[in-house]
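If you want the building blocks of each chain, they are given just below.
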Amino acid sequence: MTTPAAPELSAPALSAKPRCGVWRRLLRRKLAVLGLIVIAVTVLGAVFAPWLTAFGPDEQMFDGLTLEGAPLPPNGTFLLGTDLLGRDLLTRILFGARTSLIIGVVANGAALLIGTLVGVTAGYFRGWIGGALMRFTDLMMAFPALLLAICLAAVFEPSLWIVAMVIALVNWVQTARVIYTETSSLAEREFIDAERTIGAGTPRILFRHILPHLLPTIIVWGTLGISTTVLLEATLSYLGIGVQPPTPSWGNIIFENQTYFQAAPWLVFFPGAAILALALAFNLVGDALRDILDPTQRGRE
């Protein structure tokens, strides 16, 4: 009598439980849940900005300034007050969230892609290829990130996509260094040697074995990197070499209204609080994911 064979599980079925486990553990962390709520509110506010406010981002209202020409404080009509040109500050912040999120996702995604490609190539092939790539990475890390971003932004004409490209060219080096270290360790493992012994090619080893093991690290760095990208974009816009007016950005909102810091502090406080809240939210989620996906932390909660 033969024992019936166990039914085969598909790849989605095998990975469903780990994914559910990650979500359950993530939702048990109060600070991570708070971060997810802030991110969700920011995304919804950016997407539905035209329907959440009755004003345009560049619309200057006749009743948006005092008789002396000063910005209005928060009131029933303008919930967060108005800026120096009589524009609704809440509307500017909502549309500015679009800029921060677009640059955060695009720039950080490009930096993650470049860093992963460089790190995996250097860590797997090693030799002169890996040495050359990592020495170039070290050279890029030697430059102060903000100074390098300012130099690149000064060369190119500032715009939304140019700023995203500049930030990507600055932020890939940390990812490359981390991915290189993990790839070098994985390339020396026994199961990789076994794959080479049975004749597996480089593409199979990279896409079937190396990259799946790197996925938790990529996810964590992708989440934490958005926080850094948002802060860097706000810094460049504040310095006047980032996203240019009239396109609203949290950084250039502060830059435009900084002269009214004492007379109208809400013009600096509200966009500054938005930058702080979004960066902190991504950091909280990224820290939680790092603890959850780190195999050395399993069982310690």
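Residues numbered from 1 in each chain as written. Predicted model: local features only at pLDDT ≥ 70, side-chain atom pairs only at ≥ 80, totals over all residues. Heavy atoms only, no water.

K.L.:
What exactly am I supposed to notice about the overall build of the protein here?
P.N.:
Along the protein, the regular secondary structure elements total 11 helices and 0 strands. Each helix and strand of the protein, placed in order from N terminus to C terminus, yields the pattern α-α-α-α-α-α-α-α-α-α-α. Dimensions of the protein, computed from C-alpha atoms along their principal axes, come out at roughly 90 × 50 × 30 Å. Per-residue burial for the protein yields a buried fraction of 42% across its 301 residues. Counting contacts in the protein only where the partners sit at least 6 residues apart, residues at least 24 apart contribute 70% of the total. (Helix = DSSP H or I, 4+ residues; strand = E, 2+ residues; numbered from the N terminus. Buried < 20%, exposed > 50% of the residue type's maximum accessible area, 1.4 Å probe, protein only. Contact = heavy atoms within 4.5 Å.)

K.L.:
Would you take a moment to explain the side chain of E233 for this structure?
P.N.:
When you line up the elements, E233 lands in helix α9 (residues 202–238). For the buried E233, which has no salt bridge, the nearest side chain bearing the opposite charge is R92, at an N-O separation of 11 Å. Only 2.8 Å separates the side chain of E233 from the side chain of S237, close enough to count as a polar contact. (Lys, Arg positive; Asp, Glu negative; His and termini not counted. Salt bridge = Lys/Arg side-chain N within 4 Å of Asp/Glu carboxyl O. Polar contact = N/O pair within 3.5 Å; in protein donor to acceptor, adjacent residues only side chain to side chain.)

K.L.:
Any chance you could explain the pattern of salt bridges here in plain terms?
P.N.:
Pairing between side chains of opposite charge can happen when their charged atoms approach one another. Per the stated rule, a full pass over the model turns up 9 salt bridges. A salt bridge links D291 to R29, with the shortest nitrogen-to-oxygen separation between them at 3.7 Å. Highlighted residues: D291 in helix α11 (residues 266–293) and R29 in the loop between α1 (11–27) and α2 (30–47), separated in sequence by 262 residues. Across the salt bridge formed by R92 and E256, the nearest N and O atoms sit 3.3 Å from each other. You can see R92 sitting in helix α4 (residues 89–125) and its partner E256 sitting in helix α10 (residues 250–257), a full 164 residues away along the chain. Under the relative-accessibility criterion, R92 is labelled buried at 1%. Residue classification places E256 among the buried residues on the basis of a relative accessible area of 18%. Among the charged side chains, a salt-bridge network with shared partners connects D58, D83, R87, R92 and E256.

K.L.:
Which parts of the structure should I look at to understand the packing of α10 against α11?
P.N.:
Packed helix pairs are characterised by how far apart their axes lie and by the angle those axes make with each other. Their axes nearest at 9 Å, the elements α10 and α11 cross at an angle of 155°. One element, α10, and the other, α11, form an angle in the roughly antiparallel class. Every pair of crossing elements has a handedness; the one defined by α10 and α11 is left-handed. Residue-level inspection shows W250, G251, I253, I254 and N257 of α10 in contact with α11, the latter providing L267, V268, P271, G272, A274, I275 and L278. (Axes fitted to C-alpha atoms, helices over the stretch in contact; angles between N-to-C directions. Parallel < 35°, antiparallel > 145°, perpendicular 65-115°, else oblique. Left-handed = near helix turned anticlockwise from the far one by under 90°.)

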